[in-house]
Amino acid sequence: MITLFENETHKCVMFNDLGSGSMVQANQHVIVDGKEAMVLDPGGHKIYSLLFPQISSLIPMDGLKYVFFSHQDPDIIAAANGWLMVSEARAFLPELWMRFIPHFGVDRLVMERIQPVPDEGTTVELGSAGLKIIPAHFLHSPGNFQVYDPVSKILFTGDLGASLGNEYAYVEDFDAHIQYMEGFHTRYMPSQKALKLWADMVKSLDIDIIAPQHGAVFSGKELVDRFIGWIAGLECGLDRMEAVFKIPG
Ligand code: FE
């Protein structure tokens, strides 16, 4: 567990070591303001059984106000039913995916606590903080959001900025870090246009930390700016697919 930010009333905590086996490494982020908490992209069933007691040690479970699901991937949503059954939390999910999650065994009883987020995003009150749920569509999922916390100035970017295979939790040398991001972003991110739209949008935010759902975080304006610049110029997805679209011989 790593504390990314803390003041008297507000705290952001990252769990980065709960996974095991062949599971892709994932970070689970928790934002606490006063007596209320939001858990972001809480992972599948195996993570759930480990993360749940950790969160109860941070705050009483009746303080878990929100669960945020950035998109529909199994490393994010597979334990949705568990979270909603054991808490009174409300969940946020891209509107685009609302009809799909009953397939993950989400009970009708808890479906009404899942709030669809429209394409434009929304603002959510957590304690006295106004968290921004901002559009991040096609990064990589067609219905996808990120969370900006104006108190900690952390942008939680989900799959964007993900790194795989590195051992460290904080990026120190951006150039040396690219190798751990490149494969994932060139294949999973569908189009450079989405990257550019995102980069233009987040220029208006005051960001101290970019905290993805996999791998290391970018702390400090210099690394944040390096990442935004790098990602805006990346050829990815469809831009690189022409050679693949052939009938296998
Ligand atoms: Fe994903």
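Residues numbered from 1 in each chain as written. Predicted model: local features only at pLDDT ≥ 70, side-chain atom pairs only at ≥ 80, totals over all residues. Heavy atoms only, no water.

Caption draft 1: Representation of the packing of aromatic side chains within the structure. Summed over all chains, the structure comprises twelve aromatic pairs. With a centroid separation of 5.1 Å and an interplanar angle of 50 degrees, the aromatic rings of Y66 and F92 are classed as tilted. With Y66 in strand β5 (residues 64–68) and F92 in strand β6 (residues 90–94), this residue pair connects regions lying 26 residues apart in the sequence. F92 carries the same exposure label as Y66, and that label is buried. Plain terms: the ring middles of Y168 and Y180 are 6.1 Å apart, the flat faces sit at 80 degrees to each other, and that makes the pair edge-to-face. Remark: Y180 occurs in helix α5 (residues 174–188) and Y168 occurs in the loop between β11 (154–158) and α5; sequence separation between them is twelve residues. Y168 gets classed as partly exposed once you look at its relative accessible area, which sits at 32%. For Y180, a relative accessible area of 26% gives the class partly exposed. Counting every residue linked through ring pairs, the aromatic cluster contains F174, W198, F218, F227 and W230. (Phe/Tyr/Trp six-rings, centres within 6.5 Å; stacked < 30°, edge-to-face > 60°. Helix = DSSP H or I, 4+ residues; strand = E, 2+ residues; numbered from the N terminus. Buried < 20%, exposed > 50% of the residue type's maximum accessible area, 1.4 Å probe, protein only.)

Caption draft 2: Expanded view of the sheet that holds strand β8 (residues 122–126). Taken together, six strands build an open sheet; the order of strands is β8-β9-β10-β11-β12-β13 and the sheet is mixed. In this open sheet, the two edge strands, each paired with only one partner strand, are β8 and β13 (218–219). The strands that helix α6 (residues 192–202) touches are β9 (129–135), β10 (145–149), β11 and β12 (209–212); relative to β9, the one it contacts most, it runs at about 155 degrees. (Pairing = 2+ DSSP bridges. Contact = heavy atoms within 4.5 Å. Axes fitted to C-alpha atoms, helices over the stretch in contact; angles between N-to-C directions.)

Caption draft 3: Local environment of unusual backbone geometry. Cis geometry marks the peptide bond from L139 to H140; its omega dihedral reads 0 degrees. Assignment of secondary structure puts H140 in the loop between β9 and β10. The phi dihedral of F138 falls on the positive side, at around 65 degrees, and the residue is not glycine. Within the fold, F138 resides in the loop between β9 and β10. Even without being glycine, K153 reaches a positive phi, approximately 60 degrees.

Caption draft 4: Layout of the side chain of N27. Looking at where N27 falls in the secondary structure, it is placed in the loop between β2 (10–15) and β3 (28–33). There is a polar contact of 2.8 Å between the side chain of N27 and the backbone oxygen of G215. Not counting chain neighbours up to four residues away, the residues in contact with N27 comprise M14, F15, N16, D41, P212, Q213, H214 and G215. (Polar contact = N/O pair within 3.5 Å; in protein donor to acceptor, adjacent residues only side chain to side chain.)

Caption draft 5: Layout of the packing of α5 against helix α7 (residues 221–232). Packing of α5 against α7 leaves a shortest axis separation of 12 Å and a crossing angle of 40 degrees. Classed by the angle they form, the pair α5 and α7 counts as oblique. For the element pair α5 and α7, the recorded crossing hand is right-handed. Of the residues in α7, those in contact with F174, D175, I178, M181, E182 and H185 of α5 are L223, R226, F227, W230 and I231. When its residues are assigned to classes, the contact of α5 with α7 shows seven nonpolar, one polar and three charged. (Parallel < 35°, antiparallel > 145°, perpendicular 65-115°, else oblique. Left-handed = near helix turned anticlockwise from the far one by under 90°. Nonpolar A, V, L, I, M, F, W, Y, C, P; charged D, E, K, R; others polar.)

Caption draft 6: Main features of the sheet that holds strand β4 (residues 36–40). If you trace the seven strands from one edge of the open sheet to the other, you get β1-β2-β3-β4-β5-β6-β7, paired in mixed fashion. Pairing within the sheet leaves two strands with one partner each, and these edge strands are β1 (2–6) and β7 (114–117). Neighbour-to-neighbour, the strand axes of the sheet open up by a mean angle of 20 degrees, direction not taken into account. Where β6 meets β7, four bridges bridge the pair, whose relative direction is parallel. Across the sheet, A91 pairs through a bridge with I114, a residue of β7. Sheet strands in contact with helix α1 (residues 45–58) are β2, β3 and β4, and its direction is about 155 degrees off that of β2.

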